Amino acid sequence: ALLYTDIEVNTSSDWNPISLSGTFDGGGHTISGEITVIENAVGDNYGLFGVLPLGAAIQDLEVSANISAAAPATAPAFYAGGIAANLLPESKITNCTYSGTLTVKRDLSSNDEMEIGGIAGRNSGTISGCTFSGTIDVTGVTGVTDVGFQLGGIAVNFANGTYSDCDDTEGKILKP
């Protein structure tokens, strides 16, 4: 799919993350606005896009939307990103930018896992040429322990995920 123009998204109801099985080419355009991700919409994945499956790709896209995500305490895991929540092996995000605010609320009183990043939450794929210059606000996360709570300006790498030629020097992370 190729994006031919800028898009403004303002959800008056909850956003269900985009499911992608091929390539999404942003064409250098911007998706902006205010997005509230629905609780448990696509498993435990919260972002503009949900899970990028094997071989899926997002390229040449700028996202400047403010994204809010809240997960119930019963959810065993939580992955959130400004572009995508979770990259599976052989998926990739290339030449993308996130400059909005990603706001996360969740109770982590058990040993649940939580991975949050400016471009992607969990990364088992490849991220290259991306920039995070926005804000991740996790001040609404309670019950934080050292187990399972991970933050990354670009992403949290998991299972051999990689990133290269990325810049998060302008990004901010607000912690509890």
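Draft legend 1. Fine view of the overall build of the protein chain. Per the secondary structure count, the protein chain includes zero helices and 20 strands. For 176 residues, the compact-globule formula gives about 16 Å, and the C-alpha radius of gyration of the protein chain, at 14 Å, lands near that figure. A buried classification covers 47% of the 176 residues belonging to the protein chain. For the protein chain, long-range pairs separated by at least 24 residues make up 79% of all intrachain contacts whose partners lie at least 6 apart in sequence.

Draft legend 2. Highlighting the state of the cysteines. With the rule as written, the count across this model stands at zero disulfides. The structure places no disulfide on C130, whose sulfur is separated from the nearest cysteine sulfur, that of C166, by 4.8 Å. What makes C130 buried here is its relative accessible area of 1%. The class for C166 is partly exposed, based on a relative accessible area of 23%.

Draft legend 3. Focus on the sheet that holds strand β14 (residues 126–128). What the five strands build is an open sheet, ordered β2-β5-β9-β14-β19; its pairing is parallel. The open sheet is flanked by β2 (23–25) and β19 (162–164), the only strands paired with a single partner. On average, each strand axis in the sheet is inclined to that of its neighbour by 5°, with strand direction left out of account. Alignment of β2 against strand β5 (residues 57–59), held across three bridges, turns out to be parallel. Paired with T23 across the bridge in β5 is A57.

Cut-offs used in this document
- Residues numbered from 1 in each chain as written.
- Predicted model: local features only at pLDDT ≥ 70, side-chain atom pairs only at ≥ 80, totals over all residues.
- Heavy atoms only, no water.
- Helix = DSSP H or I, 4+ residues; strand = E, 2+ residues; numbered from the N terminus.
- Rg over C-alpha atoms; globule rule 2.2 N^0.38 Å.
- Buried < 20%, exposed > 50% of the residue type's maximum accessible area, 1.4 Å probe, protein only.
- Contact = heavy atoms within 4.5 Å.
- Disulfide = S-S within 2.5 Å.
- Pairing = 2+ DSSP bridges.
- Axes fitted to C-alpha atoms, helices over the stretch in contact; angles between N-to-C directions.

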